[in-house]
Amino acid sequence: MANYRRNTAIVFFSILTVFLFLSIRQYPFAEKTTPLPAPAYQQKIYFAQASQEVTVHFISGRGKGSTLLVFGGIHGDEAAAYLAAERFTRLKIRAGNLIVVPRLNAVAIANRKRQGLGGDMNRLFDLSEETSRCNPDAKVVDLAKSLIQRADYVINLHQAYDFYAPKWISRQRNPSRWGQSNVIDTPIYHLPNGEKLEPGRFAQKVCRRSNDRIKNRSYHFLVNNTETSGRKSRHVEQRGSLTYYALTKHHKIALAVEATKNCSLPEAVGFLTIAINAALGQAGIQPDAFPSEDFRMISREMEEKTQKSKLSEFKGTTLTRS
Ligand SMILES: [Zn+2]
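Residues numbered from 1 in each chain as written. Predicted model: local features only at pLDDT ≥ 70, side-chain atom pairs only at ≥ 80, totals over all residues. Heavy atoms only, no water.

**Notes on the overall build of the protein**
Line of reasoning, step 1. Along its length, the protein carries nine helices and 13 strands.
Line of reasoning, step 2. Counting all 322 residues of the protein, 45% fall into the buried class.
Line of reasoning, step 3. Excluding contacts between residues fewer than 6 apart, the proportion of contacts in the protein whose partners are at least 24 apart in sequence is 69%.
Line of reasoning, step 4. Carbon and sulfur atoms provide 54% of the accessible area of the protein, an area that totals close to 18,300 Å². (Helix = DSSP H or I, 4+ residues; strand = E, 2+ residues; numbered from the N terminus. Buried < 20%, exposed > 50% of the residue type's maximum accessible area, 1.4 Å probe, protein only. Contact = heavy atoms within 4.5 Å. Areas by Shrake-Rupley, 256 points an atom, 1.4 Å probe, with all protein chains shown as cover.)

Okay, here's the thing in structure tokens:
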């Protein structure tokens, strides 16, 4: 009987030792190999099949974090904006979230014009309900407004001729030009609860991060403060803009990023890519990999895209004929 008990005890402790040994070995092993949930990706199409169709890409990271909302193509004659935004639609994110609307104003893009069906869309964000009812772009503006509510940071991409400078340097570099600038409506915005938002600090940091990546100093970004709500503002027209709406109605840090048109299109796409990458970094959003900022690589990417679309057009034609 004593022998039986001793043997049972030996077997029990042996099993326990093996179990403990395996647990200690397996725990760190298990922690390293447990796959994290894949980043969630969702694509939604609004106003489908209509000339104003808008595709929105929602990307959630594996970990929690801020949400950056990027708009491209509010003006149809600023190709770098929608081409740059499109490069972010399939990003994989470790922490934080990204919402991308590459082509907000489809009609303006199709016509390669600044204005869409309802005029300059970046002046429609302060329309009264009554005026809005008569504007054919109001539904697109309403979609943009609803997305803004889901974000912490908002970036509206643009392109403009020449270069912004706070003081007059030349006809190409002066306060009336917009190129290579991060436009803010005010550096500090006081919230009703006594707290403050600081778009100025965010824009400065995004500029600094961007300029660290731009070798040619004549293409460095500068912060362009339009003082939109000021009594002596030179830019009262900006009160109807997407960024002013985001800041004043929903208290979001909002920037308009303007790349210059005084360079090749791949270069302008590169400058906007640099700015978005900088904003992602500043907002603490961590992608697995940032899109390439190399102009030659972007140029090759654009050529491949054109070839592909030509090929699909060609295939479409033969199908129609047969
Ligand atoms: Zn623009």
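Having put the structure on the table, let's press on.
**Section: the pairing of strand 4 (residues 93–101)**
Line of reasoning, step 1. Extensive coverage of strand 4 is indicated by the burial of seven of its nine residues.
Line of reasoning, step 2. Bridge count between strand 2 (residues 54–60) and strand 4: four bridges; the pairing is antiparallel. Bridge pairing links Phe58 to Ile99 in strand 4.
Line of reasoning, step 3. Where strand 3 (residues 63–71) lies against strand 4, six bridges are found, and the strand directions are parallel. Paired with Leu69 across the two strands is Ile99, which belongs to strand 4. (Pairing = 2+ DSSP bridges.)

**Examining the packing of helix 6 (residues 199–211) against helix 8 (residues 265–282)**
Line of reasoning, step 1. The geometry of helix 6 relative to helix 8 is characterised by a closest axis approach of 8 Å and an angle of 125 degrees between their N-to-C directions. Taken together, the axes of helix 6 and helix 8 are oblique relative to one another. Here helix 6 and helix 8 pass one another in a crossing that is right-handed. For the pair formed by helix 6 and helix 8, the contact residues are Phe202, Lys205, Val206, Arg209 and Ser210 on the first element and Ile274, Ala275, Ala278, Ala279, Gly281 and Gln282 on the second.
Line of reasoning, step 2. In terms of residue class, the contact of helix 6 with helix 8 is made up of six nonpolar, three polar and two charged. (Axes fitted to C-alpha atoms, helices over the stretch in contact; angles between N-to-C directions. Parallel < 35°, antiparallel > 145°, perpendicular 65-115°, else oblique. Left-handed = near helix turned anticlockwise from the far one by under 90°. Nonpolar A, V, L, I, M, F, W, Y, C, P; charged D, E, K, R; others polar.)

**Quick notes on helix 2 (residues 79–86)**
Line of reasoning, step 1. Of all the eight residues making up helix 2, seven are buried; the element is thus mostly covered by neighbouring parts of the structure.
Line of reasoning, step 2. Looking at helix 2, one finds that the buried residues are Ala79, Ala80, Ala81, Tyr82, Leu83, Ala84 and Ala85.

**Quick notes on the coordination of the zinc ion**
Line of reasoning, step 1. Looking at the zinc ion, one finds its protein donor set to be His75 (ND1), Glu78 (OE), Glu78 (OE) and His158 (ND1), positioned 2.1 to 2.4 Å from the metal centre.
Line of reasoning, step 2. In this structure, the zinc ion is surrounded by four donor atoms whose angles at the metal cover 57 to 153 degrees, and the resulting shape is irregular.
Line of reasoning, step 3. Within one chain, the residues serving as donors to the zinc ion are arranged as H-x2-E-x79-H. Here the two residues His75 and Glu78 agree in accessibility, since each one is buried. (Donors = N, O, S within 2.8 Å, 3.2 Å for Na, K, Ca; no water. Tetrahedral: all angles 85-135°; square planar, octahedral: opposite > 155°, others 65-115°.)

**Overview of the pairing of strand 2**
Line of reasoning, step 1. Counting buried residues along strand 2, five of its seven residues qualify, which places the element largely inside the surrounding structure.
Line of reasoning, step 2. Bridge count between strand 1 (residues 40–46) and strand 2: seven bridges; the pairing is antiparallel. By the bridge assignment for strand 2, Ala40 is matched with Ser60.

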